[in-house]
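Close look at the chain arrangement
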Amino acid sequence: MKTYLSILFFCIAVSCFSQENVQVGGVFPHLAMVADHSPRTEAGTGALFPWANRLWVITYVAHLDRSGSGTGLYEINEKMELKKRPESVVGTYANRLLHGETNQLIIGPHIIDINGNVRTIDGVKGHRLAATLTHLTDPAAKVYFLAMEGEFFEVDVNTLETKLLFNLMDELKEPKGSKPHFKSGFTRHGKVVVCNNSYTTKDYNREWSAGRLAEWDGKTWTVIEEKPFTEVWSSSSFGAPILATGWDNASAILKVYVPRSKEWITYRLPKSSRSYDETSNTEWLRIREVETERALMDCHGMFYEIGFHLYADRLWAIKPICSHLRVIPDFCSWRGMLVLGGNQGTPMKFGPADANPLAGQPQAGLWFGKTDDLWNWGKPGGEGGVWYDDPVVAGQPSDPYLMYGFDKKSLHLWHNGASDVSFDIEVDVTGDGTFRNYARKTVKPGEYLHYEFPDGFSARWVRVVSGKNCKATAWFIYN
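Residues numbered from 1 in each chain as written. Predicted model: local features only at pLDDT ≥ 70, side-chain atom pairs only at ≥ 80, totals over all residues. Heavy atoms only, no water.

1. Looking at the overall build of the protein
Helix and strand content of the protein: three helices and 39 strands. Relative to its length of 479 residues, the protein is compact, with a C-alpha radius of gyration of 24 Å against a globular reference of 23 Å. The dimensions of the protein, computed from C-alpha atoms along their principal axes, are 75 × 70 × 50 Å. Here the protein holds 479 residues, and 55% of them are scored as buried. Intrachain contacts of the protein at a sequence separation of at least 6 include 61% that bridge at least 24 residues. Accessible surface computed for the protein: about 20500 Å², of which carbon and sulfur atoms make up 51%. Taking the 51 positively charged and 55 negatively charged side chains of the protein as two groups, their mean positions are separated by 2 Å. (Helix = DSSP H or I, 4+ residues; strand = E, 2+ residues; numbered from the N terminus. Rg over C-alpha atoms; globule rule 2.2 N^0.38 Å. Buried < 20%, exposed > 50% of the residue type's maximum accessible area, 1.4 Å probe, protein only. Contact = heavy atoms within 4.5 Å. Areas by Shrake-Rupley, 256 points an atom, 1.4 Å probe, with all protein chains shown as cover. Lys, Arg positive; Asp, Glu negative; His and termini not counted. Charge placed at Lys NZ, Arg CZ, Asp CG, Glu CD.)

2. Structural notes on the sheet that holds strand 15 (residues 191-196)
With antiparallel pairing, four strands are arranged side by side in an open sheet as 14-15-16-17. Edge positions in the open sheet fall to strand 14 (182-188) and strand 17 (221-225), since each of these has one partner strand only. Adjacent strand axes in the sheet meet at a mean angle of 20°, parallel and antiparallel pairs treated alike. With six bridges joining them, strand 14 and strand 15 adopt antiparallel strand pairing. Of the residues in strand 15, the one forming a bridge with Ser184 is Cys195. (Pairing = 2+ DSSP bridges. Axes fitted to C-alpha atoms, helices over the stretch in contact; angles between N-to-C directions.)

3. Examining the packing of aromatic side chains
Taken as a whole, this structure holds 31 aromatic pairs when the rule is applied. With centroids separated by 5.5 Å and ring planes inclined at 15°, the aromatic side chains of Trp216 and Trp221 adopt a geometry described as stacked. The residues Trp216 and Trp221 share a single accessibility class, namely buried. Seen from their ring centres, Tyr401 and Phe476 are 4.9 Å apart, and the 20° between their planes marks the pair as stacked. Of this pair, Tyr401 sits in strand 33 (residues 401-402) while Phe476 is found in strand 39 (residues 470-478), placing the two residues 75 residues apart along the sequence. For Tyr401, a relative accessible area of 0% gives the class buried. Looking at Phe476, the relative accessible area reads 0%, which means it is buried. By the ring-pair criterion, three or more aromatic residues cluster together here, those being Tyr144, Phe152, Phe166, Trp216 and Trp221. (Phe/Tyr/Trp six-rings, centres within 6.5 Å; stacked < 30°, edge-to-face > 60°.)

4. A word on the environment of Asn437
Considering the arrangement of structural elements, one finds Asn437 in strand 36 (residues 436-443). Judged by its relative accessible area of 52%, Asn437 is exposed. Residues contacting Asn437, with those up to four places away along its chain left out, are Asp424, Ile425 and Glu426.

5. Looking at the nonpolar core
Of all hydrophobic cores here, the largest spans 49 residues; its most connected members are Leu254, Leu269, Met297, Ile306, Ile318 and Phe476. Here the element with the most residues in this core is strand 39; it accounts for five residues. Aside from chain neighbours lying at most four places away, what touches Ile318 is Leu254, Leu269, Met297, Tyr304, Glu305, Ile306, Leu402, Tyr404, Arg460 and Trp461. One finds Ala52, Tyr93, Ile112 and Val118 within the second-largest nonpolar core, a separate group that totals 26 residues. (Core = buried A, V, L, I, M, F, W, Y, C linked by side-chain atoms within 4.5 Å.)

6. Remarks on the environment of Ala210
With respect to the secondary-structure elements, Ala210 resides in the loop between helix 3 (201-204) and strand 16 (212-216). In sequence terms Ala210 and Leu172 are 38 residues apart; their C-alpha atoms lie 9.8 Å from each other. Those residues in contact with Ala210 that sit more than four places away from it in its chain are Glu174, Pro175, Ser178, Asn196, Ser198 and Asp203.

7. Digging into the side chain of Lys255
Inspection of the secondary structure assignment puts Lys255 in strand 20 (residues 252-258). At 2.7 Å, the side chain of Lys255 and the side chain of Thr266 are in polar contact. (Polar contact = N/O pair within 3.5 Å; in protein donor to acceptor, adjacent residues only side chain to side chain.)

8. Some thoughts on the sheet that holds strand 13 (residues 162-167)
What the four strands build is an open sheet, ordered 10-11-12-13; its pairing is antiparallel. Looking at strand neighbours, the two that pair on one side only are strand 10 (129-134) and strand 13, the edges of this open sheet. The sheet shows a mean angle of 25° between the axes of neighbouring strands, taken without regard to direction.

9. Details of the pairing of strand 22 (residues 287-291)
As a general feature of sheets, a regular strand has side chains that alternate between the two faces. Here strand 22 runs beside strand 23 (residues 294-298); their pairing, made up of four bridges, is antiparallel. Its bridge partner being in strand 23, Glu291 is matched across the sheet by Arg294. The hairpin formed by strand 22 and strand 23 contains two residues between the paired strands, and Glu293 there has a positive phi angle of roughly 60°.

10. Side note on the confidence of the model for the protein
When the pLDDT values of the protein are averaged, the result is 92; 93% of them are 70 or greater. Low pLDDT, under 50, characterises residues 1-18; the stretch is placed with three contacts to residues that sit more than four places away or in other chains. (pLDDT = per-residue confidence, 0-100.)

This is the structure in structure tokens:
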């Protein structure tokens, strides 16, 4: 009897795995986009978009001069069949925009109409494309393209005529010798906002500041922050704040543009993983609408749910969902599923002599599931600070740091003062920007103070105020 059952189960297993569309934990192996063996380079899913009754996928390689075949523009139909388009161009592409005025999808260097007909923009296909943006003065006929090296183009969506408007490495006064790595851009409220996430040892050591968050009103470029930023996003209604995510030595950063007051507010978030702390390790951390009028934000190894609306000129709807280590260049909703792009096999280096000998054939896959599945991933946790060996001014509050949605919480304080320094811990319980004094902690010269918040204690935001001018660290650990 045991032998018979063993044979039966084996036959069932073979039968299941011999089916064409095998699915393992939300992954369909036959949908993998696999590059050739030489040259070995990245094979990431740069952008996903549901359009013309299909799911469209554009991939990226590391650099155009190291491009491998086997990747490009793909479509997936309702039968989960993967087809590479004949118009496909291999390149470094992670941009997508729906041009509503002409009902065309722009993804990579391609423009796709509602019937799935594809055209290619020759003027931008040779550049590493990071974002496509709505035009400020002629949105019905033109768009902007942002490339990773800082090129900023204007393209006519009808004629495909292309014009280079700026080199943002010059416009934003980037340090000479820094590596350009522009990642995202968005147009809203009469301004174009772009970001560059350059960050190396020189940034960590404060020898220079190569990262940028900047805006353009059609006349002048203005630098908002000289820090690495990876994403810029906005909705078109419900207050429509502009959200930008980045980081510095202390924490992840969320910048919020408030349209009514025309100001940028800075919030700080934990770093779920510090393995993202480098230019090339923060690949395409996106904010996307995944359910109707609800968005997910991927920021430094953590997914958050985030809302479109502002009340009292403050961002209310933000909550951590899960921690992860995935490289997720893009994600979207398609046919009732949440679809995550990936970058699962990358040699990282680009020549045969310096390629990672432990990485195999480059490939990119997709994950299919439900939005609610994310709550079963890694529990939210992380670390970061409002100050990290930073000069602080007496009586000047730090930026707000997210507290809501985490379990065990602790604060760690030290300073370089020659006398005692008192630090006030202030909390905003409701999220409306009103902070109340919670506790005061006094730290002696050369002392390190560790404080654990009581079990069950939480607020929306927490901040710290120093009683004296000094150089200080205020570090939170959530686990």
